[in-house]
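One-letter residues, chain by chain:
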Amino acid sequence: IVFQALNPDSDLASFAADIAIIAYSGFAVTESLLAAGLTTEKSAQLASNILAMADALASKGCHVIVQTLPDSPVSVFGGLDARSDITPRSGIAAVNEAITRSRYDILDAPSLAARVGLSLWYRPDHYFWHKAPFNMEAAQLYCDLLAQTVGAAVSTLRGRQDRLS
């Protein structure tokens, strides 16, 4: 999908969607950061890739919503994770900071995960079972948050169109 979004001649780009949501799985991001060696540069590169995809979609007139990521379910150094810049937690925090500073609307998954608890949000057995980015018990809550975010985006878009006409 990343290559489809970045390729201006792709079916995805030519579809001309009104709204697109870019949402990554916390497990997938944690795995990629661990595999890449957990450096600040790797986190910045991941954030850059996500925002490049958003820029490509936005350049086609699409309203883009980017999901921020809940904290990592993986602890490398226990309580020292908060002080280290080479852990999944710090990598995800860096990616979230870049997304938050961007011009795109945000789907705030960390706040939802904090409400239900990370132990409920992340269920490895469910992830490997059906590749869901979160526990299916939280699906209804996630869909509600998604609907609220899309509803706010649509309302904003309509307001802009009304002011222009």
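Keep in mind it's a predicted model, so treat the numbers as computed, not measured.

Engineer: Mind showing me how you'd approach the nonpolar core here?
Structural biologist: Note that soluble globular proteins tend to have their nonpolar side chains buried in a common cluster. Counting 19 residues, the largest nonpolar core has I22, I50, V64, V66, V95 and Y104 as its most contacted members. Every element with two or more residues in this core is listed here: β1 (19-22), α4 (40-58), β2 (63-68) and α5 (88-101). With residues up to four places along the chain from it excluded, the contact list for V66 reads I22, I50, A54, I99, Y104, D105, I106 and L107.

Engineer: Help me out: how do you make sense of the pattern of salt bridges in this one?
Structural biologist: Tallied over the entire structure, the rule returns two salt bridges. When the shortest N-O distance is used, the salt bridge between D55 and R103 registers 4.0 Å. You can see D55 sitting in helix α4 and its partner R103 sitting in the loop between α5 and β3 (105-108), a full 48 residues away along the chain. Of the charged contacts in the structure, one is a salt bridge between R101 and E97, with a shortest N-O distance of 3.5 Å. With a gap of four residues between them, R101 and E97 both fall in helix α5, about one helical turn apart. Under the relative-accessibility criterion, E97 is labelled partly exposed at 45%.

Engineer: Just to check I follow, could you spell out the side chain of H63 for this structure?
Structural biologist: If you trace the backbone, H63 turns up in strand β2. A distance of 2.6 Å separates the side chain of H63 from the side chain of D105, its partner in a polar contact.

Engineer: It is not clear to me how the packing of α4 against α5 should be interpreted in this structure. Could you clarify?
Structural biologist: If you want to describe how two helices pack, look at the angle between their axes and the distance between the axes. Taken N-terminus to C-terminus, the directions of α4 and α5 make an angle of 35°; their axes are 9 Å apart at the nearest point. Between α4 and α5 the crossing geometry is right-handed. Packed against α4, whose contacting residues are S43, L46, A47, I50 and L51, the element α5 presents G91, A94, V95, A98 and I99 at the interface. Considered class by class, the residues forming the contact of α4 with α5 number eight nonpolar, two polar and no charged.

Engineer: Sorry if this is basic, but what is going on with α5 here?
Structural biologist: Helical geometry note: an α-helix holds 3.6 residues per turn, so side chains three or four residues apart project in the same direction. Given a rise of 1.5 Å per residue, 14 residues ought to cover 20 Å, and the 20 Å separating the end C-alpha atoms of α5 matches this to within 8%. The set of residues buried in α5 consists of P88, S90, G91, I92, V95, N96, A98 and I99.

Engineer: Could you clarify how one ought to interpret the sheet that holds β3 in this entry?
Structural biologist: The strands that make up a sheet pair up through hydrogen bonds in the backbone, lying either parallel or antiparallel. Strands sit in the order β1-β2-β3 across an open sheet of three strands; the sheet is parallel. Each edge of the open sheet carries a strand with a single partner, namely β1 and β3. Neighbour-to-neighbour, the strand axes of the sheet open up by a mean angle of 25°, direction not taken into account. Bridge count between β1 and β2: four bridges; the pairing is parallel. Following the sheet pairing, I22 is matched in β2 by V66.

Engineer: What exactly am I supposed to notice about the environment of Q45 here?
Structural biologist: Take Q45: it is sitting in helix α4. Exposure remark for Q45: the relative accessible area of 43% places this residue in the partly exposed category. Sequence separation between Q45 and V95 is 50 residues, and the spatial gap between their C-alpha atoms is 8.9 Å.

Engineer: Even after reading the chapter, I still don't get α4, so can you show me in this structure?
Structural biologist: For α4, which comprises 19 residues, the first-to-last C-alpha distance of 27 Å matches the rise-based estimate of 27 Å (1.5 Å per residue) to within 8%. Regarding α4, the residues found buried are S43, L46, A47, I50, L51, M53, A54, A56, L57 and A58.

The rules behind these values
Residues numbered from 1 in each chain as written. Predicted model: local features only at pLDDT ≥ 70, side-chain atom pairs only at ≥ 80, totals over all residues. Heavy atoms only, no water. Core = buried A, V, L, I, M, F, W, Y, C linked by side-chain atoms within 4.5 Å. Buried < 20%, exposed > 50% of the residue type's maximum accessible area, 1.4 Å probe, protein only. Helix = DSSP H or I, 4+ residues; strand = E, 2+ residues; numbered from the N terminus. Contact = heavy atoms within 4.5 Å. Salt bridge = Lys/Arg side-chain N within 4 Å of Asp/Glu carboxyl O. Polar contact = N/O pair within 3.5 Å; in protein donor to acceptor, adjacent residues only side chain to side chain. Axes fitted to C-alpha atoms, helices over the stretch in contact; angles between N-to-C directions. Left-handed = near helix turned anticlockwise from the far one by under 90°. Nonpolar A, V, L, I, M, F, W, Y, C, P; charged D, E, K, R; others polar. Expected span 1.5 Å × (residues − 1). Pairing = 2+ DSSP bridges.

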